[in-house]
Amino acid sequence: MAEKKKLRIGVLALQGAFSEHIHLLNKLKADVAEAIQIRTKEQLQDPSLDALILPGGESTTMALVAERSGIMEPLREWVKAGKPVWGTCAGMILLSNTAHRTKKGGQTLIGGLDVTVKRNAFGAQVDSFVADLSVPVLPDNERPFSGVFIRAPIIESIDPEKVSVVARVNKGIGEEEYVVAVRQGNILATAFHPELTDDDRFHRYYIDLVRTIASTTPA
Amino acid sequence: MTFSTPSNLVPETNGAAVAAAAKNDFIVKAGLAQNLKGGVIMDVVNAEQARIAEEAGACAVMALERVPADIRKDGGVARMSDPKMIKEIIEAVTIPVMAKVRIGHFVEAQIIQHLNVDYIDESEVLTPADEQHHIDKSKFKVPFVCGAKNLGEALRRINEGAAMIRTKGEAGTGNVVEAVRHARQLMGEIRKVQAMAEEELYVYAKEIQAPYNLLKETARLGRLPVVNFAAGGVATPADAAMMMHLGMDGVFVGSGIFKSGDPAKRARAIVQAVTHYNDPAVLASVSEDLGEAMVGINCDLLPEEQKFAKRGW
């Protein structure tokens, strides 16, 4: 089998836990050539960038800073062009087409993902939690993935024709189950923070996804 | 090394389960601070200011009764805010809401936690309630941020359960000199411990009154083991960007915004400055035409008893 191409992955660095993604990606030396902070339109439009990650943070802040920094439209173009993108927590909110519980006057979104999300779905920080998730698409999938949910959103509804569910969370016996990870073509979205754990399986899954997308998209 | 008790030395059985729960608890507390990085947390005294801060791009707001500049001016005892005001602010915005309690005042902290605030600041800006003990922060479900002016102080607070640290600076002065002093002190000490031999670390831990295990971890990481923001005197986009260059993870702005001529514009400019701290072209453009900055106080002329940074033990 031919040597796999090492990827250059951009992480949106306007605000939030972007360096955590970068530190985790840098451990995957066999697959990642470079993990790069993205703050400007020029950095995002670098043609050698293979994939993008939108980190956790405050989605309101990220959206406002993105607009004022002239990078909101280029982000939409990235998603529309079918290039790989993964949003964690705030990143997932930005990728969704509809978001509830946004600030007064609403919130600008990048969009592209045919889902409706609800921000801060579990409540304030005292309701943040860690839960074991069963994620069938991950390598070594009989081992649960530790989902870190911090003032986390949930996915309230999806367009089942276009979107597939990747993971659900159940806080305990008798509790309601929520969709917390989905995929739609080039877009992956998780309500939790794999970048705040030492488990690299979600990042490895994303890297595989990026390669699959690259091999099926005409250059 | 981290100490672990030999098995079955005492008749306890659930040690591992307790440790695992404590670990998850801290991941969630420190994780919110990780999500706030690269952002600006703004002091607000009512719901209207909180909305201005949210629209400007603040990643969180700090609810307090009077901004530090007014606490200085008015004098008297400064305490936690009225729960009614905190509730109104929580109602008004979707970003995290923090609130201040007095050093050592664990009942104020219980009250604030009950209000579902997202972070508590055990703050030297308020009048201390206990001159020996800080709050045992590990007992709370809500995370805490604490001020520090050097490495020993930061690690003592983390040992008590703080999940986030900020430099103290000198709040309410509009003068960045003390924030710079504390950031330089902290980062300088971290660089120093990175070069130390094991036996020197034991001695240094005693010297700066820091728990050895946390000092050792700091030396290994080359940074504090939790998120560390700048605070205390930041008044301009340039001040904020400078603090980011000094290795801070984000910035608190207190009186600097709502004591200035055009708070909304200045707040937006400081948010842009923290993201693009490395780009002088952006800094030049956002610094333009911001109106009056807060007047500011020369810290050399501040009487000793009015220095907030001295509070904390």
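Under an unreviewed UniProt entry, the name given to chain B is pyridoxal 5'-phosphate synthase (glutamine hydrolyzing), and the organism recorded is Spizellomyces punctatus. Quoted verbatim from the Sequence similarities (unreviewed entry) field of the UniProt record, the comment on chain B reads "Belongs to the PdxS/SNZ family." If you open the UniProt record of chain B and go to Catalytic activity (unreviewed entry), you find "aldehydo-D-ribose 5-phosphate + D-glyceraldehyde 3-phosphate + L-glutamine = pyridoxal 5'-phosphate + L-glutamate + phosphate + 3 H2O + H(+)".

The name given to chain A in an unreviewed UniProt entry is glutaminase, with the source organism recorded as Spizellomyces punctatus. The Sequence similarities (unreviewed entry) comment attached to chain A in UniProt states, word for word, "Belongs to the glutaminase PdxT/SNO family." In its Catalytic activity (unreviewed entry) section, the UniProt entry covering chain A states "L-glutamine + H2O = L-glutamate + NH4(+)".

Draft legend 1. Just the overall build of chain B, in detail. The number of helices and strands found in chain B is 13 helices and 8 strands. Here chain B holds 313 residues, and the buried ones make up 56% of them. For chain B, the accessible surface area stands at approximately 13200 Å², while carbon and sulfur atoms represent 52% of it. Here chain B contributes 35 positively and 40 negatively charged side chains, and the mean placements of these two sets differ by 2 Å.

Draft legend 2. How the structure looks around the overall build of chain A. A count of helices and strands for chain A gives 6 helices and 12 strands. Its C-alpha atoms give chain A a radius of gyration of 16 Å, within 12% of the compact-globule value 17 Å for 219 residues. The burial tally for chain A puts 59% of its 219 residues in the buried class. Partitioning the contacts of chain A with sequence separation of at least 6, the portion at a separation of at least 24 is 68%.

Draft legend 3. Structural view of the confidence of the model for chain B. Looking at chain B, pLDDT values average 94 and 99% of them are 70 or higher. Two summary scores accompany this predicted model of the complex, namely pTM at 0.95 and ipTM at 0.95.

Draft legend 4. Expanded view of the UniProt feature "binding site: D-ribose 5-phosphate" (unreviewed entry) in chain B. All names here are of chain B. Per the UniProt record, "binding site: D-ribose 5-phosphate" (unreviewed entry) is annotated on Asp43, Gly172, Gly233, Gly254 and Ser255. Of the residues just listed, which span 213 residues, no C-alpha pair is farther apart than 12.2 Å, and they cluster in one region. Of the annotated positions mentioned, Asp43, Gly172, Gly233, Gly254 and Ser255 line the largest cavity. Checked against the element boundaries, Gly172 lands in the loop between β6 (164-167) and α7 (177-194). Once you skip the residues sitting within four places of it in the chain, Gly172 turns out to touch Pro68, Ala69, Arg72, Ser255, Met294 and Ile297. You can see Gly254 is positioned in the loop between β8 (251-253) and α11 (255-258).

Draft legend 5. Expanded view of the side chain of Arg151(A). For Arg151(A), the position within the fold is in the loop between β8 (145-149) and β9 (154-158). Residue Arg151(A) is classed as buried on the basis of its relative accessible area, which comes to 9%. A polar atom in the side chain of Arg151(A) sits 2.7 Å from the backbone oxygen of Thr94(B). Apart from the residues within four sequence positions on either side, Arg151(A) is in contact with Glu58(A), Asn120(A), Gly123(A), Ala124(A), Gln125(A), Ser128(A), Leu32(B), Thr94(B), Ile95(B), Pro96(B) and Asp118(B).

Draft legend 6. Region of interest: a nonpolar patch on the surface. Residues and elements named next belong to chain B. A cluster of nonpolar side chains, contributed by Phe106, Val107 and Ile111, occupies part of the molecular surface with about 240 Å² of accessible area. The topology assignment puts Phe106 in helix α5 (residues 106-114). Overall, the relative accessible area of 47% leaves Phe106 in the partly exposed class.

Draft legend 7. Seen up close, helix α6 (residues 151-159) of chain B. Residue and element names in this part refer to chain B. The buried count for α6 comes to 7 of 9 residues, which makes it a mostly enclosed element. On its buried side, α6 packs onto β5 (144-148), β6, α7 and α9 (212-221). By the N-cap criterion, in which a side-chain oxygen at the helix start approaches the backbone nitrogen of a residue two or three places on, α6 is capped by Asn150, the distance to Gly152 being 3.3 Å. Downstream of α6 by one or two residues, Gly161 has phi in the positive range, about 115°.

Draft legend 8. Representation of the nonpolar core in the model. Residues Phe149(A), Phe202(A) and Met243(B) are the most contacted members of the largest nonpolar core, which totals 146 residues. Every residue in contact with Phe202(A), bar those within four places of it in the chain, is listed here: Trp86(A), Val135(A), Leu138(A), Phe145(A), Val166(A), Leu188(A), Thr190(A), Phe192(A) and Pro194(A). Grouped together as the second largest cluster of nonpolar side chains are 21 residues, Ile150(A), Ala60(B), Tyr119(B) and Phe229(B) included.

Draft legend 9. Broad picture of the UniProt feature "binding site: L-glutamine" (unreviewed entry) in chain A. Residues and elements named next belong to chain A. Feature annotation in UniProt places "binding site: L-glutamine" (unreviewed entry) on Gly57, Glu58, Ser59, Arg119, Ile150 and Arg151, given in this structure's numbering. These annotated residues cover 95 residues of sequence, but their C-alpha atoms sit close together, with the largest distance between any two at 12.9 Å. In the annotation above, Gly57, Glu58, Ser59, Arg119, Ile150 and Arg151 are the residues that line the second largest cavity. With respect to the secondary-structure elements, Gly57 resides in the loop between β3 (51-54) and α3 (59-68).

Calculation criteria
Residues numbered from 1 in each chain as written. Chains lettered and ligands numbered in written order. Predicted model: local features only at pLDDT ≥ 70, side-chain atom pairs only at ≥ 80, totals over all residues. Heavy atoms only, no water. UniProt positions renumbered as here; feature names shortened; annotations may be inferred. Helix = DSSP H or I, 4+ residues; strand = E, 2+ residues; numbered from the N terminus. Buried < 20%, exposed > 50% of the residue type's maximum accessible area, 1.4 Å probe, protein only. Areas by Shrake-Rupley, 256 points an atom, 1.4 Å probe, with all protein chains shown as cover. Lys, Arg positive; Asp, Glu negative; His and termini not counted. Charge placed at Lys NZ, Arg CZ, Asp CG, Glu CD. Rg over C-alpha atoms; globule rule 2.2 N^0.38 Å. Contact = heavy atoms within 4.5 Å. pLDDT = per-residue confidence, 0-100. 1 Å grid on protein atoms, 1.4 Å probe; cavity = no way out; pocket = protein on both sides within 12 Å on 5 of 7 lines; lining within 4 Å. Polar contact = N/O pair within 3.5 Å; in protein donor to acceptor, adjacent residues only side chain to side chain. Patch = residues over 30% accessible without salt bridge, like charges linked within 9 Å, V, L, I, M, F, W, Y side chains within 5 Å. Salt bridge = Lys/Arg side-chain N within 4 Å of Asp/Glu carboxyl O. Core = buried A, V, L, I, M, F, W, Y, C linked by side-chain atoms within 4.5 Å.

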